[in-house]
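# Architecture and fold: a report
Each chain is listed here by its residues.
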Amino acid sequence: MTSTTPTTRPSGTAAAPARWQEVARAAGLMRGGTLRATVFAEMSALATATGAVNLGQGFPDTDGPAEVVAAAARALVEGHNQYPPGPGIPALRQAVAAHQERHYGLRVDPDREVLVTAGATEALAAAVLALAGPGDEVLTLEPFYDAYAAVVAMSGARHTTAPLRPGPDGLRPDLDALVEAVTSRTRVLLLNTPHNPTGTVLTPDELAVVADLAGRHDLVVLTDEVYEHLVLDPAARHVPIASLPGMAERTLTVSSSGKTLSLTGWKIGWVTGPAALVDAVRTVKQYLTYVSGAPLQPAIAFALGDPGVARWVDDLVASLTVRRDLLVDGLRDAGFAAVVPQGTYFVLADAAPLGVEDGAAFCRELPGRAGVAGVPVTAFTHEGSATDRELRSWVRFTFTKREDVLHEAVARLRAMPR
């Protein structure tokens, strides 16, 4: 018998393929060959360790409408606990279709043009995996929601970007750069409005440029609209790009219940659009979670059509506006150059007036220095990009916390040693 020397390897493990490193690197988790926790986990851990007020992660600290929670409880008791239909229960698909027509005049077939997903993130991932692959490009604005880079990397496509640039009107998309960023390899333009992390709501004129680009280059527009009902600026208005002339047939619209209803842990999302594109997304989605949230789907179907819940959302917007202004004023008093967001849960603030050059290093110091945690805006950029350099000193804070929590955070920031 011939003796061989085994490869040295920890017992019970296999060689890890390099592919995961590509995805981790695209998500900003690889530095010098070392895998790190997400910046959100890192800052939350720092907040816990120091007793800091955590304004890093964007989730509410109070629940959504009691009647929606009660509807979910009834569904549990009444036996909605097995696999729902793959596309989602008919009542929820019908409620999503009615919502799109009621709010935006968009008519979609609930049987063929609506797909229920495990939150918006799954809808976005399944769409990118269905529509793009090696040799293709997926174009987004930068900074971008951090999951975009990871799912594009998973697809094997290349992630390209065009910047949102700071100016007197907040951070606005550089439309010339957006036009220049489209190439013969661009397949998907992944849009996000209202925009995380900047709080920018794209205007009809800005959306018209995107629509023109999509038409001229035969692109699919994948639009992330999870903050559609959380527009806080009276002068701004959420306009789905699918409602622009010629765009319904080339747009996949993604949204969810989590942000609108302050039920972020439920993970009930949906995607709407032309049947052929929705079928492509469903083909991938059925091999991800398959289905999810059986007792939660009837509750969201109820919520989307209930006038009382609609009034609750209006009250939420009014409350978020007060909390936004409270945080912006506090940040400015503390020496930051804070931008008033038009929507979402977040305020961006430049720490450069405080002498800060590296926002990531500053965020690691901030819990101990001020008793408040935020996240650096570079968590939402490609390392070394022009946007990464331009926003290097910027920090994102969330205001979707109770007013008493925000008052405490603001008091700590104002007392921060400079």
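Here the structure is a predicted model, which means the values were calculated and not measured.

### Here we look at helix α4 (residues 90-104)
For α4, spanning 15 residues, the distance from its first C-alpha to its last is 21 Å, which sits close to the expected 21 Å at 1.5 Å a residue. All buried positions along α4 are accounted for by L92, R93, A95, V96, A97, H99, Q100 and Y104. The inward-facing, buried residues of α4 abut β4 (114-117), β10 (251-256), β11 (269-272) and α11 (296-305). Residue G105 follows α4 closely and has a positive phi angle near 70 degrees.

### Things to note about helix α6 (residues 146-155)
Across the ten residues that make up α6, a large majority, eight, are buried. All of the buried residues along α6 are A147, Y148, A149, A150, V151, V152, A153 and S155. Buried residues belonging to α6 abut α1 (19-26), α5 (119-131), β5 (137-142), β6 (158-167), β8 (186-192) and β9 (220-224). Of the residues flanking the end of α6, it is G156, one or two places downstream, whose phi is positive at about 90 degrees.

### Considering the side chain of E225
Turning to its location among the elements, E225 is positioned in the loop between β9 and β10. At 11 Å, R237 is the nearest oppositely charged side chain to E225, a buried residue that forms no salt bridge. When sequence neighbours within four positions are dropped, the list of residues in contact with E225 reads T193, H238, P240, I241, T253, V254 and S255.

### Re a nonpolar patch on the surface
Together, L129, M154 and L288 make up an exposed nonpolar region whose accessible area comes to about 250 Å². Within the secondary structure layout, M154 lies in helix α6. On the basis of relative accessible area, M154 is assigned to the partly exposed category, the value being 46%.

### Quick look at the pairing of β5
Summarising burial for β5: six of the six residues are buried, a large majority. Sheet analysis places β5 next to β6, joined by six bridges and oriented parallel. Bridging from a neighbouring strand, V138 pairs with H159 of β6.

### A look at the sheet that holds strand β7 (residues 170-173)
The strands that make up a sheet are held in pairs by hydrogen bonds between backbone atoms, and each pair lies either parallel or antiparallel. Spatial ordering of the open sheet is given by β4-β11-β10-β9-β8-β5-β6-β7, a layout of eight strands whose pairing is mixed. At either end of the open sheet lies a strand with only one pairing partner, and these are β4 and β7. Each adjacent strand pair in this sheet contributes to an overall mean axis angle of 25 degrees, direction not counted. Judged from the five bridges that link them, β8 and β9 form a sheet pairing that is parallel. Residue pairing for β9: L191 is matched across the bridge by T223. Strand contacts of α4: β4, β10 and β11, with the helix running at about 115 degrees to β4, the strand carrying the most contacts. Packing of helix α8 (residues 204-217) onto the sheet brings it into contact with β7, β8 and β9, and relative to β8 it is tilted by some 165 degrees.

### Structural notes on the pairing of β8
Regular strands show a simple pattern: their side chains alternate between the two faces of the sheet. Burial runs high along β8: six of the seven residues are buried. Read as a crossover between parallel neighbours, the route from β8 over α8 to β9 is right-handed.

### A look at unusual backbone geometry
Across the chain, the bulk of peptide bonds are trans and the bulk of non-glycine residues have phi less than zero. Of note, the amide linkage connecting T193 to P194 takes the cis form, showing an omega dihedral of -10 degrees. As for its placement among the helices and strands, P194 is situated in the loop between β8 and α8. Each neighbour pair has its own omega, and for N196 with P197 the value is 20 degrees, a cis peptide bond. Positionally, P197 belongs in the loop between β8 and α8. Located in the positive-phi region is K267, a residue other than glycine, with phi close to 55 degrees. On the secondary structure map, K267 appears in the loop between α9 (258-261) and β11. The exposure class of K267 is partly exposed, given its relative accessible area of 39%. With a phi close to 70 degrees, Y290 is a non-glycine residue in the positive phi region. Relative to the helices and strands, Y290 is located in the loop between α10 (275-285) and α11. Residue Y290 is classed as partly exposed on the basis of its relative accessible area, which comes to 39%.

### Quick word on the confidence of the model for the protein chain
A low pLDDT score tells you not to read the predicted coordinates there in detail. On average, the protein chain scores 93 in pLDDT, and the residues at 70 or more come to 93%. Considering only residues more than four positions removed or in separate chains, one finds that residues 1-13, a stretch of pLDDT under 50, has two contacts.

### Structural notes on the environment of L115
Relative to the helices and strands, L115 resides in strand β4. A C-alpha to C-alpha distance of 9.5 Å links L115 and I89, two positions 26 residues apart in sequence. Non-local contacts of L115, meaning those with residues more than four positions away in its chain, are made with G86, P87, G269, W270, V271, V278, V281, R282 and K285.

### As for the side chain of Q297
Here Q297 is to be found in helix α11. The contact partners of Q297, leaving out residues within four places of it in the chain, are P84, G88, I89, L92, V116, I268 and S292.

### Here's the deal with the sheet that holds strand β16 (residues 394-398)
Read from one edge of the open sheet, four strands run β12-β13-β16-β15, paired in antiparallel fashion. Here the strands that pair on one side only, and so sit at the sheet edges, are β12 (337-338) and β15 (375-376). Inspection of the sheet shows strand β13 (residues 346-350) paired to β16 by five bridges, in the antiparallel sense. Within β16, the position partnered with D350 by the bridge is W394. Against the sheet, helix α12 (residues 307-333) makes contact with β12, β13 and β16, and its axis sits at roughly 10 degrees relative to β13, the strand it touches most.

Calculation criteria
- Residues numbered from 1 in each chain as written.
- Predicted model: local features only at pLDDT ≥ 70, side-chain atom pairs only at ≥ 80, totals over all residues.
- Heavy atoms only, no water.
- Helix = DSSP H or I, 4+ residues; strand = E, 2+ residues; numbered from the N terminus.
- Expected span 1.5 Å × (residues − 1).
- Buried < 20%, exposed > 50% of the residue type's maximum accessible area, 1.4 Å probe, protein only.
- Contact = heavy atoms within 4.5 Å.
- Lys, Arg positive; Asp, Glu negative; His and termini not counted.
- Salt bridge = Lys/Arg side-chain N within 4 Å of Asp/Glu carboxyl O.
- Patch = residues over 30% accessible without salt bridge, like charges linked within 9 Å, V, L, I, M, F, W, Y side chains within 5 Å.
- Areas by Shrake-Rupley, 256 points an atom, 1.4 Å probe, with all protein chains shown as cover.
- Pairing = 2+ DSSP bridges.
- Axes fitted to C-alpha atoms, helices over the stretch in contact; angles between N-to-C directions.
- Right-handed = clockwise from strand over helix to strand, strands pointing away.
- pLDDT = per-residue confidence, 0-100.

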